[in-house]
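Observations on chain architecture
Each chain is listed here by its residues.
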Amino acid sequence: MRKRYLSTIAMVGAAAFALTACSSGSDDGSDDASSGDDSGSSGDVITVGFAQTGSESGWRSANTESMQTAFSEENGFDLVFNAADNDPAAQISAVRNFINQGVDAIVLAPIVEDGWDDVLAEAADAGIPVVLEDRTVSASDDLYESWVGLDFYTEGLKAGEWAAEQFGDTPTKMVVLEGTTGSAPANDRADGFNDAIAGTAIETIDSQTGDFTRDGGKSVMEGYIANYGIDGIDLLYAHNDDMGLGAIEAIEAAGGVPGEDITIITIDAVRDGMQALVDGKINYIVECNPLLGDLVSQVVKDVLAGNAVEKEIYVEDLTFTQEEAAEVIDSRLY
Ligand code: GYE
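Presented here is an overview of the structure given in this document. (Residues numbered from 1 in each chain as written. Predicted model: local features only at pLDDT ≥ 70, side-chain atom pairs only at ≥ 80, totals over all residues. Heavy atoms only, no water.)

Considerations on the overall build of the chain
- Tallying secondary structure elements over the chain gives 11 helices and 13 strands in all.
- When each of the 334 residues of the chain is scored for burial, the buried share is 50%.
- Of the contacts formed within the chain by residues at least 6 apart in sequence, a portion of 76% connects residues at least 24 apart.
- For the chain, the exposed surface amounts to about 14100 Å²; the carbon and sulfur share of it is 46%. (Helix = DSSP H or I, 4+ residues; strand = E, 2+ residues; numbered from the N terminus. Buried < 20%, exposed > 50% of the residue type's maximum accessible area, 1.4 Å probe, protein only. Contact = heavy atoms within 4.5 Å. Areas by Shrake-Rupley, 256 points an atom, 1.4 Å probe, with all protein chains shown as cover.)

This is how it looks when you write it as C-alpha coordinates:
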(Lines give C-alpha, C1' and ligand atoms only; values in the text may rest on other atoms or scores of the structure.)
Protein backbone atom coordinates (compact mmCIF):
# COMPACT_ATOMS: atom_id res chain seq x y z
CA MET A 1 0.00 0.00 0.00
CA ARG A 2 1.34 3.44 -0.90
CA LYS A 3 1.18 5.91 1.93
CA ARG A 4 1.43 9.64 1.82
CA TYR A 5 3.48 11.07 4.63
CA LEU A 6 3.63 14.60 5.92
CA SER A 7 7.01 15.58 7.29
CA THR A 8 7.30 18.02 10.18
CA ILE A 9 7.99 20.75 7.62
CA ALA A 10 4.78 19.93 5.79
CA MET A 11 2.98 20.01 9.14
CA VAL A 12 4.26 23.51 9.82
CA GLY A 13 3.08 24.42 6.32
CA ALA A 14 -0.33 22.96 7.02
CA ALA A 15 -0.51 24.91 10.27
CA ALA A 16 0.44 28.12 8.48
CA PHE A 17 -2.24 27.39 5.89
CA ALA A 18 -4.76 26.84 8.66
CA LEU A 19 -3.89 30.22 10.16
CA THR A 20 -4.14 31.93 6.78
CA ALA A 21 -7.45 30.25 6.11
CA CYS A 22 -8.76 31.40 9.48
CA SER A 23 -7.68 34.99 9.19
CA SER A 24 -8.68 35.58 5.60
CA GLY A 25 -12.37 35.79 6.43
CA SER A 26 -15.04 34.41 4.17
CA ASP A 27 -13.81 32.77 1.02
CA ASP A 28 -16.44 34.35 -1.19
CA GLY A 29 -17.30 37.37 0.91
CA SER A 30 -20.89 36.26 1.25
CA ASP A 31 -20.59 34.80 4.73
CA ASP A 32 -23.22 36.15 7.00
CA ALA A 33 -23.05 35.81 10.77
CA SER A 34 -26.83 35.59 10.88
CA SER A 35 -26.99 32.69 8.45
CA GLY A 36 -27.54 30.34 11.36
CA ASP A 37 -25.26 27.85 9.68
CA ASP A 38 -22.49 26.92 12.07
CA SER A 39 -21.01 24.31 9.80
CA GLY A 40 -17.54 25.77 9.74
CA SER A 41 -17.76 28.90 7.65
CA SER A 42 -15.65 31.71 9.04
CA GLY A 43 -17.10 33.68 11.88
CA ASP A 44 -19.19 30.85 13.32
CA VAL A 45 -18.04 28.87 16.30
CA ILE A 46 -17.53 25.18 15.55
CA THR A 47 -18.44 22.89 18.43
CA VAL A 48 -16.21 19.81 18.48
CA GLY A 49 -16.49 16.88 20.87
CA PHE A 50 -13.07 15.32 21.37
CA ALA A 51 -13.00 11.81 22.88
CA GLN A 52 -9.43 11.35 24.11
CA THR A 53 -8.15 7.97 25.40
CA GLY A 54 -7.13 9.18 28.85
CA SER A 55 -3.88 10.49 30.30
CA GLU A 56 -1.73 7.37 30.32
CA SER A 57 1.58 8.75 29.06
CA GLY A 58 3.79 11.72 28.26
CA TRP A 59 2.80 11.25 24.61
CA ARG A 60 -0.85 11.61 25.57
CA SER A 61 -0.23 14.84 27.55
CA ALA A 62 1.56 16.35 24.54
CA ASN A 63 -1.23 15.21 22.20
CA THR A 64 -3.96 16.64 24.44
CA GLU A 65 -2.14 19.96 24.69
CA SER A 66 -1.66 20.11 20.92
CA MET A 67 -5.36 19.40 20.35
CA GLN A 68 -6.53 21.92 22.97
CA THR A 69 -4.30 24.60 21.49
CA ALA A 70 -5.48 23.95 17.94
CA PHE A 71 -9.18 23.68 18.85
CA SER A 72 -9.10 26.94 20.82
CA GLU A 73 -11.65 29.73 20.99
CA GLU A 74 -9.22 32.01 19.13
CA ASN A 75 -9.24 29.51 16.27
CA GLY A 76 -13.03 29.49 16.16
CA PHE A 77 -13.78 26.32 18.13
CA ASP A 78 -15.74 25.39 21.20
CA LEU A 79 -14.01 22.19 22.34
CA VAL A 80 -15.91 19.71 24.49
CA PHE A 81 -13.15 17.53 25.90
CA ASN A 82 -13.55 14.05 27.34
CA ALA A 83 -10.77 11.75 28.54
CA ALA A 84 -12.03 8.20 29.10
CA ASP A 85 -9.28 7.00 31.46
CA ASN A 86 -8.45 4.13 29.07
CA ASP A 87 -11.91 2.58 29.46
CA PRO A 88 -13.33 1.65 26.01
CA ALA A 89 -16.96 1.50 27.23
CA ALA A 90 -16.66 4.96 28.81
CA GLN A 91 -15.21 6.29 25.55
CA ILE A 92 -18.13 4.92 23.53
CA SER A 93 -20.55 6.62 25.99
CA ALA A 94 -18.65 9.88 25.59
CA VAL A 95 -19.09 9.73 21.81
CA ARG A 96 -22.79 8.94 22.27
CA ASN A 97 -23.11 11.98 24.53
CA PHE A 98 -21.52 14.16 21.86
CA ILE A 99 -24.10 12.86 19.37
CA ASN A 100 -26.93 13.65 21.80
CA GLN A 101 -25.53 17.13 22.39
CA GLY A 102 -25.58 17.73 18.63
CA VAL A 103 -21.96 18.86 18.28
CA ASP A 104 -20.84 19.96 14.80
CA ALA A 105 -18.10 17.32 14.58
CA ILE A 106 -16.55 14.56 16.66
CA VAL A 107 -12.83 13.87 16.94
CA LEU A 108 -11.93 10.48 18.33
CA ALA A 109 -8.65 8.91 19.52
CA PRO A 110 -9.99 5.35 19.86
CA ILE A 111 -8.52 3.42 22.81
CA VAL A 112 -9.02 0.08 21.05
CA GLU A 113 -9.63 -0.81 17.40
CA ASP A 114 -12.77 -2.93 17.79
CA GLY A 115 -16.29 -2.07 18.91
CA TRP A 116 -16.88 1.18 17.04
CA ASP A 117 -19.33 0.11 14.30
CA ASP A 118 -22.58 0.94 16.11
CA VAL A 119 -21.73 4.32 17.57
CA LEU A 120 -20.01 5.49 14.37
CA ALA A 121 -23.15 4.50 12.44
CA GLU A 122 -25.22 6.50 14.96
CA ALA A 123 -23.02 9.55 14.35
CA ALA A 124 -23.45 9.10 10.59
CA ASP A 125 -27.24 8.82 11.00
CA ALA A 126 -27.21 12.04 13.02
CA GLY A 127 -25.22 13.73 10.24
CA ILE A 128 -22.24 14.39 12.52
CA PRO A 129 -18.87 13.89 10.82
CA VAL A 130 -16.22 11.95 12.71
CA VAL A 131 -12.48 12.48 12.30
CA LEU A 132 -10.09 10.01 13.90
CA GLU A 133 -6.75 11.12 15.27
CA ASP A 134 -3.85 9.01 16.52
CA ARG A 135 -5.24 5.45 16.71
CA THR A 136 -7.29 3.60 14.12
CA VAL A 137 -10.47 1.47 14.22
CA SER A 138 -11.37 -1.83 12.59
CA ALA A 139 -14.78 -0.45 11.48
CA SER A 140 -15.37 0.42 7.83
CA ASP A 141 -13.72 3.65 6.74
CA ASP A 142 -17.08 4.74 5.31
CA LEU A 143 -18.02 5.50 8.91
CA TYR A 144 -15.50 8.33 9.35
CA GLU A 145 -14.24 11.17 7.20
CA SER A 146 -10.52 10.95 7.77
CA TRP A 147 -7.82 9.66 10.05
CA VAL A 148 -4.71 11.65 11.02
CA GLY A 149 -1.89 9.79 12.73
CA LEU A 150 1.29 7.79 12.66
CA ASP A 151 2.37 4.60 10.95
CA PHE A 152 2.62 2.28 13.96
CA TYR A 153 3.67 -0.73 11.89
CA THR A 154 6.64 1.15 10.46
CA GLU A 155 7.55 2.39 13.95
CA GLY A 156 7.72 -1.25 15.11
CA LEU A 157 9.60 -2.23 11.98
CA LYS A 158 12.25 0.48 12.52
CA ALA A 159 12.65 -0.57 16.16
CA GLY A 160 13.03 -4.21 15.11
CA GLU A 161 15.49 -3.38 12.34
CA TRP A 162 17.76 -1.69 14.87
CA ALA A 163 17.49 -4.73 17.17
CA ALA A 164 18.28 -7.06 14.26
CA GLU A 165 21.31 -4.93 13.37
CA GLN A 166 22.63 -4.98 16.96
CA PHE A 167 21.96 -8.62 17.79
CA GLY A 168 21.35 -10.43 14.50
CA ASP A 169 23.07 -13.81 14.89
CA THR A 170 23.81 -13.49 18.61
CA PRO A 171 21.37 -15.55 20.70
CA THR A 172 19.33 -12.86 22.48
CA LYS A 173 16.60 -13.18 25.10
CA MET A 174 14.01 -10.44 24.70
CA VAL A 175 11.09 -9.35 26.85
CA VAL A 176 8.34 -7.07 25.53
CA LEU A 177 6.17 -4.48 27.26
CA GLU A 178 3.08 -4.22 25.10
CA GLY A 179 0.78 -1.22 24.90
CA THR A 180 -2.93 -1.37 25.74
CA THR A 181 -4.34 -4.70 24.55
CA GLY A 182 -6.45 -4.28 21.42
CA SER A 183 -5.09 -0.80 20.62
CA ALA A 184 -3.81 -0.10 17.12
CA PRO A 185 -0.31 0.91 18.25
CA ALA A 186 0.09 -2.24 20.40
CA ASN A 187 -1.05 -4.48 17.54
CA ASP A 188 0.95 -2.79 14.80
CA ARG A 189 4.13 -2.14 16.78
CA ALA A 190 4.24 -5.85 17.66
CA ASP A 191 3.71 -6.91 14.02
CA GLY A 192 6.32 -4.51 12.62
CA PHE A 193 8.95 -5.52 15.16
CA ASN A 194 8.31 -9.24 14.73
CA ASP A 195 8.58 -8.94 10.95
CA ALA A 196 11.91 -7.14 11.28
CA ILE A 197 13.48 -9.72 13.63
CA ALA A 198 12.19 -12.77 11.77
CA GLY A 199 15.10 -15.10 11.04
CA THR A 200 17.42 -13.50 13.63
CA ALA A 201 18.58 -15.15 16.86
CA ILE A 202 16.37 -12.85 18.95
CA GLU A 203 13.93 -14.92 20.99
CA THR A 204 10.89 -13.40 22.71
CA ILE A 205 10.89 -15.06 26.13
CA ASP A 206 7.93 -13.06 27.50
CA SER A 207 5.47 -10.41 26.30
CA GLN A 208 2.79 -8.76 28.47
CA THR A 209 0.86 -5.52 28.52
CA GLY A 210 1.95 -2.59 30.68
CA ASP A 211 -1.01 -0.55 29.35
CA PHE A 212 1.26 2.24 28.05
CA THR A 213 1.81 3.51 31.63
CA ARG A 214 4.96 3.98 33.68
CA ASP A 215 3.50 2.04 36.62
CA GLY A 216 2.41 -0.78 34.30
CA GLY A 217 5.87 -0.99 32.75
CA LYS A 218 7.49 -1.03 36.16
CA SER A 219 5.36 -3.79 37.63
CA VAL A 220 5.51 -6.07 34.58
CA MET A 221 9.29 -5.60 34.45
CA GLU A 222 9.52 -6.48 38.16
CA GLY A 223 7.78 -9.75 37.28
CA TYR A 224 10.18 -10.42 34.40
CA ILE A 225 13.18 -9.80 36.65
CA ALA A 226 11.72 -12.09 39.33
CA ASN A 227 11.22 -14.85 36.73
CA TYR A 228 14.34 -14.57 34.57
CA GLY A 229 16.79 -12.44 36.58
CA ILE A 230 18.62 -9.44 35.12
CA ASP A 231 21.15 -11.88 33.66
CA GLY A 232 18.42 -13.84 31.90
CA ILE A 233 17.25 -10.81 29.88
CA ASP A 234 19.34 -9.21 27.12
CA LEU A 235 16.85 -6.94 25.40
CA LEU A 236 13.68 -5.06 26.28
CA TYR A 237 11.28 -3.73 23.65
CA ALA A 238 8.73 -1.37 25.18
CA HIS A 239 5.88 -0.12 22.99
CA ASN A 240 6.27 3.37 24.51
CA ASP A 241 8.76 5.48 26.45
CA ASP A 242 6.73 5.57 29.65
CA MET A 243 6.71 1.78 30.06
CA GLY A 244 10.44 1.78 29.30
CA LEU A 245 10.97 4.42 31.98
CA GLY A 246 9.01 2.32 34.49
CA ALA A 247 11.12 -0.70 33.54
CA ILE A 248 14.30 1.33 34.12
CA GLU A 249 13.14 1.96 37.71
CA ALA A 250 12.56 -1.78 38.16
CA ILE A 251 15.99 -2.69 36.73
CA GLU A 252 17.78 -0.13 38.90
CA ALA A 253 15.88 -1.27 42.01
CA ALA A 254 17.08 -4.82 41.30
CA GLY A 255 20.70 -3.62 41.07
CA GLY A 256 20.94 -3.75 37.27
CA VAL A 257 22.26 -1.11 34.89
CA PRO A 258 19.62 -0.18 32.27
CA GLY A 259 21.07 0.33 28.81
CA GLU A 260 24.07 -1.90 29.67
CA ASP A 261 22.89 -5.10 31.35
CA ILE A 262 19.69 -4.90 29.34
CA THR A 263 19.47 -3.06 26.00
CA ILE A 264 16.29 -0.99 25.85
CA ILE A 265 14.32 0.09 22.77
CA THR A 266 11.22 2.28 23.09
CA ILE A 267 8.83 4.29 20.93
CA ASP A 268 7.58 7.92 21.25
CA ALA A 269 10.62 10.18 21.87
CA VAL A 270 8.91 12.32 24.49
CA ARG A 271 11.14 14.51 26.66
CA ASP A 272 11.72 12.04 29.53
CA GLY A 273 12.42 9.23 27.09
CA MET A 274 14.91 11.34 25.15
CA GLN A 275 16.64 12.34 28.41
CA ALA A 276 16.99 8.66 29.38
CA LEU A 277 18.42 8.00 25.90
CA VAL A 278 20.97 10.80 26.33
CA ASP A 279 21.78 9.41 29.81
CA GLY A 280 22.50 5.98 28.31
CA LYS A 281 19.60 4.21 30.04
CA ILE A 282 17.68 3.68 26.80
CA ASN A 283 19.58 2.60 23.68
CA TYR A 284 17.27 3.51 20.79
CA ILE A 285 13.99 5.37 20.33
CA VAL A 286 11.63 5.50 17.37
CA GLU A 287 9.67 8.73 17.34
CA CYS A 288 5.89 8.98 17.38
CA ASN A 289 4.86 12.59 16.83
CA PRO A 290 1.95 13.65 19.10
CA LEU A 291 1.61 17.19 17.70
CA LEU A 292 -1.39 16.49 15.49
CA GLY A 293 -3.72 19.32 16.58
CA ASP A 294 -3.19 21.75 13.68
CA LEU A 295 -3.64 19.05 11.06
CA VAL A 296 -6.73 17.60 12.71
CA SER A 297 -8.39 20.99 13.16
CA GLN A 298 -7.76 21.82 9.51
CA VAL A 299 -9.33 18.50 8.46
CA VAL A 300 -12.37 19.25 10.62
CA LYS A 301 -12.74 22.70 9.03
CA ASP A 302 -12.38 21.23 5.55
CA VAL A 303 -14.94 18.51 6.21
CA LEU A 304 -17.48 21.02 7.54
CA ALA A 305 -16.83 23.33 4.60
CA GLY A 306 -17.54 20.45 2.23
CA ASN A 307 -13.97 20.27 0.94
CA ALA A 308 -12.50 16.91 -0.07
CA VAL A 309 -10.11 15.45 2.51
CA GLU A 310 -7.68 12.52 2.38
CA LYS A 311 -8.97 9.36 4.06
CA GLU A 312 -5.59 8.73 5.71
CA ILE A 313 -3.05 11.38 6.64
CA TYR A 314 0.22 9.95 7.91
CA VAL A 315 2.80 12.04 9.76
CA GLU A 316 6.39 10.89 9.39
CA ASP A 317 8.48 9.74 12.37
CA LEU A 318 12.23 9.96 13.01
CA THR A 319 14.55 7.57 14.91
CA PHE A 320 17.22 8.40 17.49
CA THR A 321 20.41 6.76 18.71
CA GLN A 322 21.99 8.04 21.93
CA GLU A 323 24.33 10.35 19.97
CA GLU A 324 21.53 11.69 17.78
CA ALA A 325 19.35 12.32 20.83
CA ALA A 326 22.10 14.39 22.49
CA GLU A 327 22.23 16.62 19.40
CA VAL A 328 18.52 17.37 19.19
CA ILE A 329 17.18 17.11 22.73
CA ASP A 330 17.24 20.87 23.40
CA SER A 331 15.24 21.66 20.29
CA ARG A 332 12.47 19.11 20.83
CA LEU A 333 8.95 20.49 21.14
CA TYR A 334 7.60 17.79 23.48
O1 GYE B 1 2.71 5.79 21.72
C2 GYE B 1 1.62 5.97 23.82
C3 GYE B 1 0.25 6.43 24.14
O4 GYE B 1 -1.61 5.97 20.56
C5 GYE B 1 0.42 6.57 19.55
O6 GYE B 1 -0.53 5.98 23.06
C7 GYE B 1 -0.38 6.55 20.79
C8 GYE B 1 0.28 5.82 21.94
C9 GYE B 1 1.64 6.34 22.37
O10 GYE B 1 -0.18 6.14 25.35
O11 GYE B 1 2.59 6.59 24.60
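Here the narrative resumes, following the displayed structure.
Quick word on the sheet that holds strand E11 (residues 284–287)
- The strand order across the open sheet formed by six strands is E8-E7-E9-E10-E11-E13, and the pairing between neighbours is mixed. In the strand order of this sheet, the two ends are held by strand E8 (202–209) and strand E13 (319–321), each with one partner. Averaged over all neighbouring strand pairs, the angle between strand axes comes to 15°, with direction disregarded.
- Here strand E7 (residues 172–178) runs beside strand E9 (residues 235–238); their pairing, made up of four bridges, is parallel. Among the inter-strand pairings, Val 175 is bridged to a residue of E9, identified as Leu 236. (Pairing = 2+ DSSP bridges. Axes fitted to C-alpha atoms, helices over the stretch in contact; angles between N-to-C directions.)

Here we look at the site of the ligand
- Every one of the 13 residues lining the ligand counts as a neighbour, but Glu 56, Asp 134, Arg 135, Asn 240 and Asp 268 are closest to it.
- Contacts to the ligand include Glu 56, whose side-chain N or O atom sits 2.5 Å from an oxygen atom.
- Between the ligand and Arg 189 there is a distance of 2.9 Å, counted from an oxygen atom to a side-chain nitrogen or oxygen.
- Those elements that provide at least two residues to the shell around the ligand are helix H2 (58–70) and helix H6 (184–197).
- Among the residues making up the shell around the ligand, the classes are represented as five nonpolar, two polar and six charged.
- Looking at which domains feed residues into the shell around the ligand, each of domain 1 (3–151 + 290–317) and domain 2 (152–287) supplies at least three. (Near = heavy atom within 4 Å. Polar contact = N/O pair within 3.5 Å; in protein donor to acceptor, adjacent residues only side chain to side chain. Nonpolar A, V, L, I, M, F, W, Y, C, P; charged D, E, K, R; others polar. Domains from an automatic or database assignment.)

Points about the environment of Asp 211
- With respect to the helices, strands and loops of the structure, Asp 211 is situated in the loop between E8 and helix H7 (214–228).
- A sequence separation of 29 residues divides Asp 211 from Asn 240, and the C-alpha atoms of the two residues are 9.6 Å apart.
- For Asp 211, the contacting residues outside a window of four places in its chain are Glu 56, Asn 86, Glu 178, Gly 179, Thr 180 and Met 243.

Overview of the nonpolar core
- Counting 44 residues, the largest nonpolar core has Phe 71, Ile 265, Val 296 and Val 300 as its most contacted members.
- If one sorts the elements of this core by residue count, helix H10 (residues 293–304) sits on top with six residues.
- Structurally, this core is a two-domain feature, drawing no fewer than three residues from each of domain 1 (3–151 + 290–317) and domain 2 (152–287).
- Discounting chain neighbours no more than four positions away, the residues touching Val 296 are Met 67, Phe 71, Val 107, Val 131, Glu 133 and Val 148. (Core = buried A, V, L, I, M, F, W, Y, C linked by side-chain atoms within 4.5 Å.)

Considering the side chain of Glu 56
- Take Glu 56: it is sitting in the loop between strand E2 (46–52) and H2.
- A polar atom in the side chain of Glu 56 sits 2.9 Å from the side chain of Arg 60.
- Setting aside anything within four residues of it in sequence, one finds Glu 56 in contact with Asn 86, Arg 135, Asp 211, Phe 212 and Thr 213.

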